[in-house]
Structure formats: structure tokens, C-alpha cells
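Geometric and topological summary
What follows is each chain in one-letter form.
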Amino acid sequence: MAEEIIHSDQSGEVTMRVWRGDEDGGEFVEYVMPAQEGEVVLDVIHRVQASEAPDLACRWNCKAGKCGSCSAEINGRPSLLCMTRMDTLPFGETVTVAPMRAFPIIRDLVTDVSYNYEVAKRIPPLSPRDKTQDEVDAGGYRMAQIDVERSQEFRKCIECFLCQDVCHVVRDHEENKTAYAGPRFFIRSAELEMHPLDTNDRRQLLQEEQGLGKCNITKCCTEVCPEHIKITDNAIIPLKERVVDAKYDPVAWLGRKIRDRTKRTAAEAAAEAPSSGPAAVLPPGGVVAIPQPEGNGTGIPVYTAAPAAAVDVPPADDDGS
Amino acid sequence: MTEYESHDFDVIIIGAGGAGLRAAVEAQAMGLRTAVVCKSLLGKAHTVMAEGGIAAAMGNVYPEDNWKVHFRDTMRGGKLLNNWRMAQLHAQEAPERVRELEAWGALFDRTEDGLILQRDFGGHRYARLAHVGDRTGLELIRTMQQKAVADGLEVFMELKVLRLLHDVDGTVSGLVGYWRPTGGFVVLKAKSVVLATGSVGKSWMYTSNSWESTGDGHAMALWAGADLIDMECVQFHPTGMVWPLSVRGILVTEGVRGDGGVLRNSDGERFMFDYVPDMFRDETADSEDEADKWYDDHTAGRRPPELLPRDEVARSINSEVKAGRGSPHGGVFLDIATRRTAEDIRRRLPSMYHQFKELAGVDITAEAMEVGPTCHYIMGGVRVDADTTAATVPGLFAAGEVAGGMHGANRLGGNSLSDLLVFGRRAGIGAAEFAEGRQGEISLDEGQIQEVIDAAVAPFEREGGENPYDVHQSLQETMQSLVGIIRNGSELEDALVKIEELEDRAANISLAGGTKYNPGWNLTTDLPAMLTVSKCTAMGALNRKESRGGQTRDDYPMADPEMGKVNFVERISDPSAAARGVGGTPSVRSITSQPEPVPVLPDELRALLEEAL
Ligand SMILES: Cc1cc2nc3c(=O)[nH]c(=O)nc-3n(C[C@H](O)[C@H](O)[C@H](O)COP(=O)(O)OP(=O)(O)OC[C@H]3O[C@@H](n4cnc5c(N)ncnc54)[C@H](O)[C@@H]3O)c2cc1C
Ligand code: SF4
Ligand code: SF4
Ligand code: FES
């Protein structure tokens, strides 16, 4: 039986200032749209596409905060377009939408996030311990809920890369990208380090190749994470502690392990990471020079990191687990 | 002539959801040169949105559970239209596939004694869904993604496949597509191709599906000469969000009901007690008291009617709303707030809690949610051989939501994620073995490649034509209002006419702005598939003159035993000779639909269905 299609009431207008352009440069363009109740920023972008700018580039998939595709900077703050309600933004003011700043522009709101996929390839994968006889009989590993919860927190990550975008180590220093994994991948390492089944030891790798020491615990990453993962407190600080243990006191590190298990050396762990062939094939020309939309006179508000507290080693009383 | 880049593989998998990644890992492990292609970035496929869990009869919570009970539940839920062999393999192999995920890093919620915890879902006799809170799909896809990366699999991200290519002898031998970031064209040659392209929901207005669910794989298979079955069987999930309008259709997991949530109408009544069909009467509670006992102990009472299969619940909600007992925005109330503690709700259903809080301003620990049916899943799809997943044209395989048969007329919750793993793996093996056995050089038809490319860029040469977003919206309105949850003959006939008109409009789209990351163009290239799939659904729905599972006709409200013996099969008998529709694809006018017998269930399995297990 014919279903009724519901159309929403309209009340007032919203003005969107959206960055349009590509690697060669661009500018903010204003679009005025009728306001609609309950909308998120992505809804308005979609209405701009459907009416005035069919070619306005923007990534999205789920429109429910689950896939991490629609990352951008709204009024200068790294955010998900699909989870930012229009009615949470200052009423009556123009809404500025710009691409993530830390990654090269492809077009409009779409950036080249391949850096993240490259880092992912360099993390040694899970190397699970053998099953005990009891587990073979029971048909699966035994792990306590409390032990899996630590890593489960990090596995909530939707790979929106907003934390990578906001982290000043790469946001302001393109050259650091070759030797810095970034907060998303620090939590990946933390997840594996705390995984009840894992036997790899990634500490040396973290320090020497993934730049863990460059993080100075500003906590900006935690602040923007849409999954509310406590990136700094629960992952980075404990990792820093473990790395310190690795350098100075392997015995202390051993004592901190969740389960008794054999850890390999960093060199062995690194050798297990796939090194051959790209796991992600990039489109030709997909990697382009890093644009600076905020620096070219367009007046985009810049998200400023909280003043960096120069902490290199976490407080010793934090037990890291 | 347009330039394109080309690559050569043994096996190509189109789709990086659960099914595609599982297939790729298997084919690669067999030593074949394997690549995966996907329209979005890796890790973003629709599978990421799955919430409730993966169904597998592991027996961790109820040791009584086993594959036979799971098989029986699946067949009964599917109203016996299922390909029985798929349902059998699925029930038998799902537990092993879940354990394998765990060895690859997945961290499921645990039972008291440390095994994988399993939760209740509609239509499953025992608590059977392995899960991680309400973000199981994320766990599945991330585990598979990390496994794929660890294995060094090649992934072509943001590459939209337009068409399958075949060799002179008709064997599927590759594909042509374009990079979304650059607009550059690509040809991939392969000895076999696996379709794992997921769903079709974006042809409807209110859907739980992501933008990628445009039925590309369904359509590409049909255009390559393969059969589709059961396309009329579309699942409307009973509980989608209804307000605000901007989130209408977004899913509210069945886990809410599995964990104790109940449905109420505007009078506050648990109306599902009034809608228990005969087939499920013996196993369903007849009082609130009995139903409430069941949650803690499944032997103390029979199941609550809120956990009937999805088609039953969706239709009941529809009837309540029609009878004027709906919620303010045209749904009904889903109440967990009065049934579980706030802490329990936040722990068991964290993403539902956030979703309502952030998108609707509703605190589900304190108030009821407003919910209504949303287009969610297509049971129909590419007709495949159960054991190998081979489609009906050589060289082509299909797994996951794009394949048909496994779920019959209605899918049980949780049976999709397990389907992805079981048949994803089988597709990997099937395609790898086919590739290994394939002799001789592959030669692609240059004319066919150029035809596809020319058709794809044609809208840029047109001026003053249609806007693709308008055409898409008209299609969504047509499907929503005429091919929705309750159908009838005259509306379906109207729909068929409208879809043909829309094909003409789509053929007249004009575009500007170039091919580089241009969403208007991307949508334009998705439209031929959406139109094709919509036509198949409407044709099947018109032909199936009965109500069964995901097909409900108000002019034929009962199930007809004779119709239960056939699948409706859509095909294009000679795709190369067919009239051209949009983007150089065979016209929707060339699709036919006819009944063919459902595979006959062997006696020993039939006995399982009748046994009171
Ligand atoms: C909100 C929600 C919750 C759900 N919850 C559950 C649940 O709890 N349990 C359960 O069992 N099921 C659930 N389902 C159903 C289940 O998630 C899907 O059926 C399943 O994920 C489909 O997986 P797939 O691998 O077949 O395809 P998808 O995950 O949809 O992946 C399709 C892939 O194909 C690619 N693709 C498509 N077309 C092209 C093209 N033309 N070119 C290149 N690539 C292409 C896409 O990019 C994507 O990578 C849920 C569904 C939704 C929407
Ligand atoms: S705490 Fe600051 S420096 Fe460290 S990863 Fe997070 S954003 Fe970067
Ligand atoms: S940790 Fe949070 S901010 Fe970073 S990628 Fe994951 S979800 Fe996004
Ligand atoms: S579209 Fe998926 S997170 Fe926004």
C-alpha cells in the first residue's frame, strides 16, 4: 500500500562556507540553504550537492558515526560531518566546513589519507599464543571479560583519522610523517600490547621507528576522538612506560604483563610485518603536495592545540594497565 | 580512444566488506595473485555498520544448541524458500569461522568461563550471536582488514567498477572501472572474479544502508548473463529511527529486543502478543509474565513475541501505525528504559545510547525510542552453486549479500555476518580453483572496454539534461511508495512503468565539473544498477502472487503452497543483443522474470524441520 513520504518543515536559513578546490588551490564558497529540524552538517552538504553543486566532493558512507569516512573541520574543529548537529553550532552564524588540514587535498572536502594506510602496514600483526589443551577441548580460547576490555576500548576506533589530523607532530611538520605513527596507531600498538593472546614485543619499534617519543601528551587527540577513546591516558602513557621499561628494566616490564607469555624482540617482530608490495594501491596522482587552505588568506579558523606540556616520561606512579 | 591503466591478476574480488575480504584472504592463502577492489576506503564497507552479532551454533551459552537447530531456524525464518544446501553449510561451518576470527585478533565479549558470549536474536531458538557490544560489524571488518594487511593483499580503494568483461568464449575475465579520486579509467584482467558488493537499499527512501548499497554486483551479474533469484524478497527491518527526519531509517539493533526491550503502541500496550502467526504459536509466550521469565532462563517460559522473525514484527508495527496507534512521528515505541538499569543499557548497547543521544536528543536509559520499519537487506541475489558459490556464467562467483538463496524469503538477524564468513571463504576457494584450472591466454574485447568508457563520460557532453540527484530521489520515492513493505498488483504495475520512465530520464543526465572526485558523476554511474535492481524487485514482486517473508501483498495476503515451490528468476537472455539503457548497459526493458523450482530438500533434513528440537 502506497507509503506516505514525509517532508520536513522548513524554518529559516543556514549559511555554509565550504572550501572548494584541489591541490592547485581553492577558496571558500558560500551556500545558503533552508534550515531543517534535527539536521547534521552532512545533511546540509548533501542538499548543497543536490541543488547547487552536484560536484562538491565529500566522503561519507554510513551517516551514523560508524564508518569514520566523513571527517572534516567544522568551524576549525576536526569533526565528523554526520555526527555534528546543526543546532549545536552557534545559532545564526555561518558554518565553515574545510577539509582535514594534515592531509593532502584531493578535491574540496576530500583528502588523501594514504599516510594512515601506509603506517598500518608497518605494525607487526597479532601473533597469538597456542591454545591450551583445555581450550582445544572447549573449542576456543579462554579470556576473561576484564582482560579483553582494555583492548576492546581501542578496537572501537572507526579510523576517522581526526586524531591524526589534530596531532601537531604531523599537522605542523609534514616531514615527521615518515617516522611517526600517530595516535591512531599508538592505540593500535597498545591494543596489541594489551591483547590477551599476543606474543609480539613492539616496544623498540615504537620508540625507534614510530616516534612515540615525539608525542608530548598534549591530549588534543583524545579531545577530538568521536569514539571517546582515552588515547593519551589509556594507550600512549602506558606505552611510554613500557618503552622506558624496555630500555632500562626488562624485568619490570615482564612484571607488568597481563599474562605470562613469550615476547619476541623488536627485530623479530618487525621482520613479521609485511614489507613486500603495497597493500594499498594508490591512484596515480593521488598523492599531492600538502595544501594549506588556512594559510592562503581564506581566513579559516585554525584549531589550536592546547599548550604542550613538555612531558616525555609519564608519572612513575601510573601502572600503565 | 580513451587511455586506461591495466593490471593482471588470477583472482579479483569486487567488494571489501566481510564477504570480499574473507574471500580474498582465502584465495591469497592458496597462492594466487589476488586483488580486492572497493568503491570506498578500506574498512568503510557497509559491514562496518553491523551491530548485533554473528550467528553461530557454538553452544557456549546453551550447550543444547547445534547446527541442526540453527539450520531449522534459518529455514523456518526463510519460509522454506531457502537453498537448503546453503543453509546447511552455513549452519555447519559458522562456528569454525567465528573461532578463526578470534585467532586473527577479534575480541568478542566473554562468558563467565571465558568463552565467546552469545546473545539472543529474533527467530533463533537459543542465544547464538557472538558479539562485541553493539559494534560487531566493526570488529569483523577490522579483523579482516588487519588480516588482509598482514598478508600483504593488494587493495584498490575508491575504484568504482562499472562492468564485468568477458573473454571471447563468454568466461568472465575482468572488469572496467575508474578511480574516484582521479577519474582515470582502469581495466583489471583476471582468471576469475568474485562479486561481494553487498546490498541494494539506496533505491529506497528510508534505509539503514550506506551509500554504497546500490546493487552494482547484482546488476553487473545480470548484465553479464547471470541469473538473479528472489529479488522480491527485501527485508524491512522493524526498528529504524523515525525522527528527526534526517536520521530516518538509521538502524536500531535487534539487540535492544534481544536484551529485553519491548514494543508498545500509543496506548502503552505490548501489541506483539496480538500478532503471533500460527507457524510460531507453539514456541511463543502468550502472556507478558511468561515472556519476561524467558530472558533469564529459556526453559522457564516461551519466547517473547517481540523476537519473532523480522518480517512478522515489521508488518505488525505497520498495522499498529495504520490503525492509528502509532507514536507522534509515525512509528511505535521501543522501550528498554523501564526494563533494564541505565548502567546495563549503556554497557550492552553503547552505540545505540550514543546514536539516540547525539542524533535525536533522546536518552534511551530514561525514555522510549520511536521506531519504524526501514529497508535493510535483500535476500535475493545472484543464483549460485552452494558449495563453490559459482554463478550461472563461467568465471563468476558471488558471496555475501549479493548472493541469493541462503536466506530464502526472510533472513534471521545475525545470519548475514556468518554468511559472509562461510561463503566468503568458499568463494575464495571456488574462484581460486577455477583460476588454477583455467587454460590459455585471456583476450579482452577492446571494443567493449571503449564502449563502457564512452558511455560513462557521455553525460559531460550533454547540456540542459537531468540532474542525477533528482532522478535518484524520484526512484527512491517510487520504490518507497510503490514497492515498499506492503505491496499490491496495481501499484507494482505503476512502479514498472515509472522505472522505465526513470531509465529514460537517467539516459539524459548532464554533468559538469570533470571526473575527478565528482559525486554527481559517481551517482550517475550508480544509477544504471539501481534501476536494474529496482526493476527486478518490482517484477518478482508482481509475479509472486502471495505473501511470504520479505514479500507482502495486500491483494494476496496468504502464503500459497504452490508459490513456495518456486524461485522467480530474473535474467537477460542475450545481454549483448539487448537494447541499451543507461550508460551503455542492457535496458531494464530487456529483463525477464520466470518461476523455476526451488531445490528439493532431502528427507533427512526435512525431518529436522518438523522435529520439536
Ligand atoms: C545498520 C546495519 C546493521 C546490521 N547488523 C547486522 C548484524 O548484527 N548481524 C548480521 O548478521 N547482519 C547485520 N547486517 C547486515 C550485514 O551487515 C550486511 O548484510 C553485510 O555486512 C553485507 O556484507 P557484504 O560483504 O556482502 O557487503 P558490504 O559490506 O556491503 O561491502 C560491499 C563492498 O563492495 C564494494 N562495492 C560495491 N559496488 C562496487 C563497485 N561497483 N565497484 C567497486 N566496489 C564495489 C563496496 O565498496 C564494499 O567494499 C546489518 C546491516 C546494517 C545496514
Ligand atoms: S597527545 Fe598530542 S602529541 Fe601526543 S599523539 Fe595526541 S595529539 Fe599528538
Ligand atoms: S582513535 Fe578516535 S579519533 Fe583516532 S582514528 Fe580512531 S576513532 Fe578516530
Ligand atoms: S558517514 Fe560514517 S562516520 Fe560519518
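Rules of the game
- Residues numbered from 1 in each chain as written.
- Chains lettered and ligands numbered in written order.
- Predicted model: local features only at pLDDT ≥ 70, side-chain atom pairs only at ≥ 80, totals over all residues.
- Heavy atoms only, no water.
- Helix = DSSP H or I, 4+ residues; strand = E, 2+ residues; numbered from the N terminus.
- Buried < 20%, exposed > 50% of the residue type's maximum accessible area, 1.4 Å probe, protein only.
- Contact = heavy atoms within 4.5 Å.
- Areas by Shrake-Rupley, 256 points an atom, 1.4 Å probe, with all protein chains shown as cover.
- Pairing = 2+ DSSP bridges.
- Axes fitted to C-alpha atoms, helices over the stretch in contact; angles between N-to-C directions.
- Near = heavy atom within 4 Å.
- Nonpolar A, V, L, I, M, F, W, Y, C, P; charged D, E, K, R; others polar.
- Polar contact = N/O pair within 3.5 Å; in protein donor to acceptor, adjacent residues only side chain to side chain.
- Domains from an automatic or database assignment.
- Buried area = accessible area lost by both parts, 1.4 Å probe.
- Salt bridge = Lys/Arg side-chain N within 4 Å of Asp/Glu carboxyl O.
- Parallel < 35°, antiparallel > 145°, perpendicular 65-115°, else oblique.

From N to C terminus, chain A includes 12 helices and eight strands. Looking at chain A residue by residue over its 321 residues, the buried ones come to 59%. Here the contacts in chain A between residues at least 6 apart in sequence split such that 68% fall between residues at least 24 apart. On chain A, roughly 12900 Å² of surface is accessible, and the fraction owed to carbon and sulfur atoms is 52%.

With that out of the way, let us pick up the sheet that holds strand β13 (residues 234-241) of chain B. Residues and elements named next belong to chain B. Sheet architecture is open: four strands sit in the order β13-β16-β15-β14, paired in antiparallel fashion. Edge strands, defined here as strands with exactly one partner in the open sheet, are β13 and β14 (262-264). The average angle at which neighbouring strand axes cross in this sheet is 45°, direction not considered. Examined bridge by bridge, β13 and strand β16 (residues 369-378) share six bridges and lie antiparallel to one another. Its bridge partner being in β16, Phe236 is matched across the sheet by Cys375.

All right, on to the site of ligand 3 then. In the vicinity of ligand 3, the contacting residues are Cys157(A), Ile158(A), Glu159(A), Cys160(A), Phe161(A), Cys163(A), Arg184(A), Ile187(A), Cys225(A), Pro226(A) and Ile231(A). Of the residues in the shell around ligand 3, the class split is nine nonpolar, no polar and two charged.

As a further point, take the environment of Asn200(A). Residue and element names in this part refer to chain A. When you line up the elements, Asn200 lands in the loop between α7 (183-193) and α8 (203-208). Linking Asn200 and Arg129, residues 71 residues apart in sequence, is a C-alpha distance of 9.6 Å. Among the polar contacts listed, one links the side chain of Asn200 to the backbone oxygen of Pro125, at a separation of 2.9 Å.

Residue and element names in this part refer to chain B. Examined at the domain level, chain B breaks down into domain 1 (236-374) and domain 2 (450-603). Distance between the C-alpha centres of domain 1 and domain 2: 32 Å. With six residues of domain 1 at the interface, the matching set in domain 2 holds seven residues. Each partner contributes to the roughly 550 Å² buried at the junction of domain 1 and domain 2, and carbon and sulfur atoms together form 68% of this total. Broken down residue by residue, the surface that domain 1 buries against domain 2 is led by Phe236, Arg315 and Asn318, which jointly contribute 78%. Inspection of the domain 1/domain 2 interface yields two residue pairs in polar contact (both at pLDDT 80 or more).

By a frequent convention, interface size equals the accessible area lost on bringing the separate parts together. Each partner contributes to the interface: chain B provides 81 residues, whereas chain A provides 75 residues. Summed over both sides, the interface of chain B with chain A buries roughly 6500 Å², with 54% coming from carbon and sulfur. Among the residues of chain B in contact with chain A, Lys44(B), Leu107(B) and Tyr517(B) are the three that bury the most area, contributing 11% of the side total. For the interface between chain B and chain A, the tally reads five salt bridges. Among the salt bridges present, the one from Arg59(A) reaches Glu158(B), with a minimum N-O distance of 2.7 Å. Viewed at the interface, chain A and chain B are joined by 42 residue pairs in polar contact (both at pLDDT 80 or more).

Below, the discussion takes up the site of ligand 1. Residue and element names in this part refer to chain B. Surrounding ligand 1, one finds 39 residues, the nearest of these being Thr47, Glu212, Asp216, Glu401 and Leu417. Side-chain polar atom of Glu401 to an oxygen atom of ligand 1: 2.6 Å apart, as the coordinates give it. Contact with the protein chains covers 99% of the free accessible surface of ligand 1, which is 1000 Å². Mapped onto the shell around ligand 1, the elements with two or more residues apiece are α1 (18-29), β8 (159-166), β16 and α12 (415-437). Ranked by residue count, the leading element in the shell around ligand 1 is α12, at four residues. Counted by class, the shell around ligand 1 contains 15 nonpolar, 17 polar and seven charged residues.

We now examine the packing of helix α5 (residues 216-223) of chain B against helix α16 (residues 519-543) of chain B. All names here are of chain B. Put simply, α5 and α16 touch, their axes get as near as 8 Å, and they point 80° apart. Between α5 and α16, the crossing angle belongs to the class labelled roughly perpendicular. Facing α5, whose interface residues are Asp216, His218, Ala219, Leu222 and Trp223, α16 presents Asp526, Pro528, Ala529, Thr532, Val533 and Cys536. Residue composition of the contact of α5 with α16, by class: seven nonpolar, two polar and two charged.

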